[in-house]
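Fold and geometry: a report
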Amino acid sequence: MSTLLERLAEARKAGDVARLAEAIPYARWMKIAPENGTGELLTRMRYHDDLIGNTFLPAIHGGTLGAMLEMTAIFHLLWETETETVPKIVNITVDYLRSARPVDVIARATVTKQGRRMVNVFAEAWQDDRSKPVATANAHFLIKSDADAPPSL
Amino acid sequence: MDKAERIALFQKWFSDTIPHSKALGLQVIDAGKGFASMRLEWREELVGNPETGVLAGGPLTAMLDGCCGMSVATMLKAPEPFATLDLRIDYVRPAEPGKAVIAEAECYHITRSVAFTRAFAHHGDAKNPIAAAAGTFMLGTKGKVTRAQSIGAETKI
């Protein structure tokens, strides 16, 4: 069993989703963590200066928005679905809608379609105003590893 | 301007003065007309799965976005601000733990409003990619042009 799935079991027991991020070095480095204080599962990327992509505007680097939307989808799949493996990303398409200012970014994911092996997830990121998203993404994840997938007929 | 000077200039404005690129430690390998290449060293902080040591998708996304953006800068005749409109990444296979990742991007078409790019990330053999990307960029966006954005026009590649 992976550290992440062990952490998931601990987090569920404690009802504290934020523990999931502690098991992922990149999430810690980027200050990306899930939260469910309001009863809704959200993921927050806390603002820090290393996120900046354009110092003149200033604006957060687009790559970091793609990264946090991907993490949002992963946290959602781990927490809200009965996954037994760590979801493996196949692809992601990010649409950039507005430049992101140097403040926290918050995101929410929803499953558009859940298949037996593949999940399609939509995620949306915003800053102060939820009705003005800064970026959205669609991503596919494999939720069963090839090794333990049943043989096709 | 010789190749070494050009690469040093792209390194300065495309990595060292862009805080997130600097934080990732992106190294510019090459820049030519419609072409950009960068290198990202493996390190523990960028790992997605601590069991395997495989890099998270995020650092690759940020690197491919930056590399595609740099390929756009090499195509501009006059400096103007631009921004990523959309970016698709296909994660073909996991990056190998401990190995540096190389990104190569191409800006294969540019119009007055939009630049079209594609890129691959690999471990040294471009025929065996880790990730593939397709990005479009909106040209003439608001704000002051950055040195990174004007560098292609300045170096007259």
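What this report covers is the structure whose coordinates are included nearby. As the structure is a prediction and not an experimental result, all values here were calculated from the model.

**Some words on the overall build of chain A**
A count of helical and extended segments in chain A gives 4 helices and 8 strands. Each helix and strand of chain A, placed in order from N terminus to C terminus, yields the pattern α-α-α-β-β-β-β-α-β-β-β-β. Out of the 153 residues belonging to chain A, those deemed buried represent 39%. For chain A, restricting intrachain contacts to residue pairs at least 6 apart in sequence, the fraction spanning at least 24 positions comes to 57%.

**Regarding the overall build of chain B**
The secondary structure content of chain B amounts to 4 helices and 8 strands. Listing the helices and strands of chain B from first to last along the sequence gives α-α-β-β-β-β-α-β-β-β-β-α. Computed over its C-alpha atoms, the radius of gyration of chain B comes to 15 Å, within 12% of the 15 Å expected for a compact globule of 157 residues. Per-residue burial for chain B yields a buried fraction of 46% across its 157 residues. At a minimum sequence separation of 6, the contacts of chain B that also span at least 24 residues come to 67%.

**Comments concerning the pairing of strand β2 (residues 35–40) of chain B**
All names here are of chain B. The pairing of strand β1 (residues 27–32) with β2 spans 5 bridges and is antiparallel. Bridge assignment links Q27 to a residue of β2, and that residue is R39. Remark: 2 residues form the turn of the hairpin made by β1 and β2, two consecutive strands paired antiparallel; G34 in that turn has positive phi of roughly 75°. In terms of strand pairing, β2 meets strand β6 (residues 101–110) through 6 bridges, oriented antiparallel. Bridge pairing in β6 links A36 to A105.

**Examining the pairing of strand β6 (residues 105–114) of chain A**
Residues and elements named next belong to chain A. Direction of pairing for strand β2 (residues 42–45) relative to β6: antiparallel, over a ladder of 3 bridges. Of the residues in β6, the one forming a bridge with M45 is V105. The pairing of β6 with strand β7 (residues 118–126) spans 8 bridges and is classified as antiparallel. Considered in β7, the bridge of V111 is made with V121. Connecting the antiparallel pair β6 and β7 is a turn made up of 3 residues.

**Details of the interface of chain A and chain B**
At the junction of the two partners, chain A supplies 36 residues and chain B supplies 32 residues. Secondary-structure elements contributing two or more residues to the side of chain A that touches chain B are α1 (3–14), α3 (25–30), β3 (52–54), α4 (62–80) and β5 (88–96) of chain A. Sort the elements by how many residues they give to the side of chain A that touches chain B and β5 of chain A lands first, with 8 residues. Bridging between β5 of chain A and strand β5 (residues 82–91) of chain B involves 5 bridges; their strand directions are antiparallel.

**Quick notes on helix α3 (residues 57–73) of chain B**
An ideal rise of 1.5 Å per residue puts 24 Å on 17 residues; α3 of chain B measures up with 24 Å between its terminal C-alpha atoms. Most of α3 of chain B sits out of view: 17 of its 17 residues are buried.

**A word on the sheet that holds strand β8 (residues 129–139) of chain B**
Across a sheet, paired strands are connected by hydrogen bonds in the backbone, their directions being either parallel or antiparallel. Sheet architecture is open: 12 strands sit in the order β1(A)-β2(A)-β6(A)-β7(A)-β8(A)-β5(A)-β5(B)-β8(B)-β7(B)-β6(B)-β2(B)-β1(B), paired in antiparallel fashion. Two strands bound the open sheet, and with one partner strand each, they are β1 (32–35) of chain A together with β1 of chain B. If you compare each strand with its neighbour and ignore which way they point, the axes differ by 20° on average. Inspection of the sheet shows β5 of chain B paired to β8 of chain B by 9 bridges, in the antiparallel sense. Counterpart to Y91 of chain B in the pairing with β8 of chain B is A131 of chain B. Along the sheet face, α4 of chain A touches β1, β2, β5, β6, β7 and β8 (135–142) of chain A together with β5 of chain B and points at about 125° away from the line of β7 of chain A.

Conventions and cut-offs
Positions within a chain are numbered from 1, following the residues in the order the chain's sequence is written. Ligands are numbered from 1 and chains lettered from A, in the order in which they are written. pLDDT decides what is reported in this predicted model: residues at 70 or higher carry local features, side-chain atom pairs at 80 or more are listed and counted, and totals for whole chains, interfaces and linings draw on all residues regardless. In DSSP terms, a helix is any run of H or I states spanning at least four residues, a strand is any run of E spanning at least two, and both are numbered starting from the N terminus. Using C-beta atoms placed from the backbone, we call a residue buried if 20 or more other C-beta atoms fall within 10 Å of its own, exposed if 12 or fewer do, and partly exposed for counts in between. Residues are defined as contacting one another if the C-beta atoms placed from their backbone atoms lie within 7 Å. As a reference, a globule follows 2.2 Å times the number of residues to the power 0.38, and the radius of gyration itself is taken over C-alpha atoms. Strand pairing follows a simple DSSP-based rule, namely that at least 2 bridges must link the two strands. Helix span, as expected, comes to 1.5 Å for every residue beyond the first. Interaxial angle, 0 to 180 degrees, is taken between N-to-C directions of lines fitted to C-alpha atoms, where a helix line uses only the stretch in contact.

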